[in-house]
Amino acid sequence: TGAVGLYNVGQTCCLNSLLQVFLMNIRFTGILRRIKVPPHAAQQRRNVPYQMLLLLERMQCGKQKAVSPMALTYCLSGHGVKLFVQYDAAQLFLTLWNLIKRQMKKLDLVEELTYLYTICVQEHLACQKCSFETKRYSSMLTLPVPLLDYNSHVLKTLEDCLQCFFQPEELTGQNMCFCDQCGRKTPFLQSLKLVHLPQTLTIHLKRFCFEKSSYIHKLSHYLPFPQDLDFNAVLTEKQCEADDKEKAGWQYELFGVVAHSGSTSCGHYCAYIRSLTEHKWYCFNDSEVCQVSWDDVKCTYGHYNLHLGETAYLLIYMKKHPQ
């Protein structure tokens, strides 16, 4: 089935969960299988894509229920990803992806990897005094959506979170910007417009937030997310800067959930992933892998009274009809 566990070799539950999300994605492994193999043994030991490929082959060719990712973790430690460290899944995902991209030598594979994962948005700033505007395009690896609105009210659905993320924000008071046309600081309206969505879309639910005392606490409240997500039904025309051909591919289905349990200082990660070949859900909890139902996945929606309970942290969606 390809559903093979990874042994925890030193607080690597976060890394293991992300590796499963990468390696269960057949479009990513299709790129991984075409990498240029480094010619020397020392280079091979330090090359993250190559070590991921070796791990994938061990998972697929062996008959064990789990394999050790030790060679890959040693490789990653040489690039600053240490063992016995509590990682944030969103930050580690970005670190891993950048290492993979940087060490792929074939430019066509780098382009494919970028197209597979990166989001394109248009940043928009408009002066509220003279209507002077600035626009620029930027790329993102995840959509880091808030779970509270600008008034600190709880958002009740994933669709609400996405709406809030693309909602224009007024920059006033201490947040005013300098306007070249007015020659002074003025109130601005800041907004993001969606330009392009990738084939594999990662949404980061910002469950860890700062309080005024600089104490980080976890938002564990109930937040449902759908199996099917259509961005055309979520965002307004003003929140998009894309043509009809691009928008036609904005229909997604859920592929994976990276869930966190415990507190901000002492937690555990596991991954729920839908097999693209079997269309069944599996829970990857380090070396333990078992088939689960959609109701089991829904248990990661969260609950006010379960502050240390399991809650979804990263949602991975895939296009239903990739172009």
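- The chain carries the name UBP18 hydrolase in an unreviewed UniProt entry, which gives Centropus unirufus as its organism.

**Comments concerning the overall build of the chain**
Stage number 1. On a plain count of helices and strands, the chain comes out with 11 helices and 18 strands.
Stage number 2. On C-alpha atoms alone, the chain measures out to a radius of gyration of 21 Å, which is about the 20 Å that the 2.2 N^0.38 rule sets for 323 residues.
Stage number 3. Principal-axis analysis of the C-alpha atoms places the extent of the chain at approximately 65 × 50 × 40 Å.
Stage number 4. Looking at the chain as a whole, 50% of its 323 residues are labelled buried.
Stage number 5. Considering only contacts in the chain between residues 6 or more positions apart, those separated by 24 or more positions represent 66%.

**Comments concerning helix α4 (residues 48-61)**
Stage number 1. The first and last C-alpha atoms of α4 sit 20 Å apart over 14 residues, in line with the 20 Å expected at 1.5 Å per residue.
Stage number 2. For α4, the set of buried residues is Val48, Pro49, Tyr50, Gln51, Met52, Leu53, Leu55, Leu56 and Met59.
Stage number 3. For α4, the N-terminal cap is asparagine 47; the gap from its side-chain oxygen to the backbone nitrogen of tyrosine 50 is 2.9 Å.

**Considering the packing of aromatic side chains**
Stage number 1. Taken as a whole and judged by the stated rule, the model has 14 aromatic pairs.
Stage number 2. Considering the side-chain rings of phenylalanine 208 and tyrosine 313, the 5.0 Å spacing of their centres and the 50 degrees angle between planes classify their relative orientation as tilted. Remark: tyrosine 313 occurs in strand β18 (residues 311-319) and phenylalanine 208 occurs in strand β11 (residues 208-210); sequence separation between them is 105 residues.
Stage number 3. Tyrosine 313 sits in the buried class, given a relative accessible area of 3%.

**Section: unusual backbone geometry**
Stage number 1. Positive phi is not limited to glycine here, since phenylalanine 84 has a value of about 55 degrees.
Stage number 2. Among the structural elements, phenylalanine 84 can be located in the loop between α5 (70-77) and α6 (89-103).
Stage number 3. The phi angle at aspartate 286 is positive, at roughly 55 degrees, despite the residue not being glycine.
Stage number 4. Relative to the elements of secondary structure, aspartate 286 occurs in the loop between β16 (281-285) and β17 (288-292).

**Topic: the sheet that holds strand β4 (residues 133-140)**
Stage number 1. Taking strand neighbours across the sheet as the criterion, the 4 strands line up as β4-β3-β9-β6 in an open arrangement whose pairing is antiparallel. The sheet is open, and its two borders are formed by β4 and β6 (169-171), each paired with just one other strand. Looking at each pair of strands side by side, their axes are set apart by 30 degrees on average, direction ignored.
Stage number 2. Both strand β3 (residues 119-127) and strand β9 (residues 188-196) contribute to a ladder of 8 bridges, which runs antiparallel. Bridge assignment links glutamine 122 to a residue of β9, and that residue is lysine 193.

**So, the nonpolar core**
Stage number 1. Ranked by size, the top nonpolar core spans 55 residues in total, and within it Phe22, Phe28, Met52 and Tyr117 carry the most contacts.
Stage number 2. Residues in contact with tyrosine 117, not counting those within four places in the same chain, are Phe22, Asn25, Phe28, Phe93, Trp97, Met140, Leu141, Pro198 and Thr200.
Stage number 3. Formed by 44 residues, the second largest nonpolar core is a distinct cluster that contains Cys164, Phe166, Leu194 and Leu229.

**Quick look at the side chain of threonine 73**
Stage number 1. On the secondary structure map, threonine 73 appears in helix α5.
Stage number 2. Residue threonine 73 is classed as buried on the basis of its relative accessible area, which comes to 3%.
Stage number 3. Polar contacts involving the side chain of threonine 73 include one to the main-chain carbonyl oxygen of methionine 70, which spans 2.7 Å.
Stage number 4. If we ignore the near neighbours within four places in the chain, the residues touching threonine 73 are Val9, Thr12, Leu15, Val81 and Leu83.

**Topic: the packing of helix α1 (residues 13-23) against α6**
Stage number 1. In the contact formed by α1 and α6, the axes pass within 10 Å of each other and the chain directions differ by 55 degrees. Judged by the angle between their axes, α1 and α6 are oblique. As for how α1 packs across α6, the hand of that crossing is right-handed. Touching Cys14, Leu15, Leu18 and Phe22 of α1 are Ala89, Leu92, Phe93, Leu96, Trp97 and Ile100, all from α6.
Stage number 2. Split into classes, the residues belonging to the contact of α1 with α6 amount to 10 nonpolar, no polar and no charged.

**Overview of the environment of lysine 206**
Stage number 1. Looking at the element boundaries, lysine 206 is found in the loop between β10 (200-205) and β11.
Stage number 2. Exposure remark for lysine 206: the relative accessible area of 39% places this residue in the partly exposed category.
Stage number 3. With 59 residues separating them along the chain, lysine 206 and leucine 147 place their C-alpha atoms 6.2 Å apart.
Stage number 4. Look past the residues within four positions of lysine 206 in its chain and what remains in contact with it is Pro144, Val145, Pro146, Leu147 and Leu219.

**Considering α6**
Stage number 1. Spanning 15 residues, α6 covers 21 Å between terminal C-alpha atoms, matching the ideal 21 Å at 1.5 Å per step.
Stage number 2. Of all the residues in α6, the buried ones are Ala89, Ala90, Leu92, Phe93, Leu96, Trp97, Leu99, Ile100 and Gln103.
Stage number 3. By the N-cap criterion, in which a side-chain oxygen at the helix start approaches the backbone nitrogen of a residue two or three places on, α6 is capped by aspartate 88, the distance to alanine 90 being 3.0 Å.

Definitions and cut-offs
- Throughout this description, residue numbers start from 1 for each chain and increase along the sequence as written.
- Totals for whole chains, interfaces and linings use all residues, but because this is a predicted model, local features are given only for residues with pLDDT of at least 70 and pairs of side-chain atoms are given and counted only at 80 or more.
- Processing note: side-chain calculations cover all non-hydrogen atoms of the structure and skip hydrogens and water entirely.
- In this description a helix means any DSSP run of H or I spanning at least four residues, a strand means any run of E spanning at least two, and both kinds are numbered starting from the N terminus.
- Each radius of gyration reported is based on C-alpha atoms, and the globular scaling rule is 2.2 Å times the count of residues to the power 0.38.
- Only protein chains enter the accessibility calculation, which uses a 1.4 Å probe. A residue is then buried if its area is under 20% of the maximum for its type, exposed if over 50%, and partly exposed in between.
- Should any heavy atoms of two residues lie within 4.5 Å, those residues are counted as being in contact.
- In a helix, the anticipated span is given by 1.5 Å times the number of residues less one.
- Here a polar contact means two N or O atoms within 3.5 Å. Within protein one must be a hydrogen donor candidate and the other an acceptor candidate, and residues neighboring in sequence count only if both atoms are side-chain atoms.
- The criterion for an aromatic pair is that two Phe, Tyr or Trp rings (for Trp, the six-membered ring) have centres within 6.5 Å, with stacked assigned to planes under 30 degrees apart, edge-to-face to planes over 60 apart and tilted to the rest.
- Strands qualify as paired when DSSP identifies two bridges or more between them.
- To obtain each axis, a line is fitted to C-alpha atoms, and for helices this fit is confined to the stretch in contact; angles are then taken between N-to-C directions over 0 to 180 degrees.
- Here, the term nonpolar core denotes a set of buried Ala, Val, Leu, Ile, Met, Phe, Trp, Tyr and Cys residues that are joined through side-chain atoms within 4.5 Å.
- Note on terminology: angles under 35 degrees are roughly parallel, angles over 145 are roughly antiparallel, angles of 65 to 115 are roughly perpendicular, and the others are oblique.
- Definitions for this section: a left-handed crossing has its near helix turned counterclockwise from the far helix by less than a right angle. A right-handed crossing has that turn clockwise.
- Polarity classes work like this: nonpolar for Ala, Val, Leu, Ile, Met, Phe, Trp, Tyr, Cys and Pro, charged for Asp, Glu, Lys and Arg, and polar for all others, with Gly in that last group.

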